[in-house]
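Residue-level structural notes
The residues making up each chain are set out below.
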Amino acid sequence: LIPINLKAFETKTVFVRINSKAPIYNEWKVINLSEFSKESLKISTFWGMYGGLVLALMIYNLMIFFALKQIEYFYYVCISFFLFALQFASSGTFYILDFGLNLNFLLYSTWFTPVISAIFLLLFADSFFKMKITMPKFRNFLIYLIAIAFIFIIIFTFGLFEPEFLALYDYFSILSLI
């Protein structure tokens, strides 16, 4: 939000420099304060309702997990949590809510959370379908994918400090397709 006061037919030149370690999508609009407030309220309402629904599902499944002691419910809660964190970090909602989180932490969390969600999704599938008994060969493939996901996490971690490590990401992406 950059307030710029203009009189009728007045022009101003504004220079803005944007720097990021990730792809940037910017939508620029020149609107008055009333329109801005309405649009912000719509966006906040949507993310609030989405977050509330996901949080309610997570609490519900966590309660079922504690009652039934079935690990699949715990995996479901973890998948939901990390996808929830991804959505809120990538949409800018965490930044708007101002939890005092570092912007770099929010950026890097969008790298890690999809991979962690995928790990829990694979663990969920393994447990739910009882692959150790029903599909032992396919289970080996799932273990392979989980190992590749852990390698991605290691690459991302080292990539935070040494960007050359991120070049390995493409190589291991190909391995995950094989």
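Structure report, in brief. Since this is a predicted model, take the numbers as computed values, not measurements.

1. What about the packing of aromatic side chains?
If you walk through the whole model with that rule in mind, you get 17 aromatic pairs. Arranged with centres 6.4 Å apart and planes meeting at 15 degrees, the rings of Phe46 and Tyr50 form a pair that is stacked. Note that Phe46 and Tyr50 are positioned in helix H1 (residues 33–68) at a spacing of four residues, about one turn of the helix. Taken together through their ring pairs, the aromatic side chains of Phe65, Phe66, Phe74, Tyr75, Phe81, Phe82 and Phe120 make up a single cluster.

2. A few points about the pattern of salt bridges
Using the criterion set out here, one finds two salt bridges in the structure. Close ionic contact of Lys130 with Glu72 constitutes a salt bridge, the shortest N to O distance being 3.9 Å. Residue Lys130 is found in the loop between helix H4 (103–128) and helix H5 (131–134), and its partner Glu72 is found in helix H2 (residues 71–90); the two are separated by 58 residues along the sequence. Classification of Lys130 as partly exposed rests on a relative accessible area of 46%. You can call Glu72 buried: its relative accessible area is 12%.

3. Remarks on the nonpolar core
Buried together is how nonpolar side chains tend to be arranged in soluble globular proteins. Trp111, Phe112, Val115, Leu142 and Phe156 are the most contacted members of the largest nonpolar core, which has 17 residues in total. Only H4 and helix H6 (136–161) provide two or more residues apiece to this core. Leave out the neighbours within four places in its chain, and Phe112 touches Ile153, Phe156, Thr157 and Leu160.

Scoring rules and cut-offs
- Residues numbered from 1 in each chain as written.
- Predicted model: local features only at pLDDT ≥ 70, side-chain atom pairs only at ≥ 80, totals over all residues.
- Heavy atoms only, no water.
- Phe/Tyr/Trp six-rings, centres within 6.5 Å; stacked < 30°, edge-to-face > 60°.
- Helix = DSSP H or I, 4+ residues; strand = E, 2+ residues; numbered from the N terminus.
- Salt bridge = Lys/Arg side-chain N within 4 Å of Asp/Glu carboxyl O.
- Buried < 20%, exposed > 50% of the residue type's maximum accessible area, 1.4 Å probe, protein only.
- Core = buried A, V, L, I, M, F, W, Y, C linked by side-chain atoms within 4.5 Å.
- Contact = heavy atoms within 4.5 Å.

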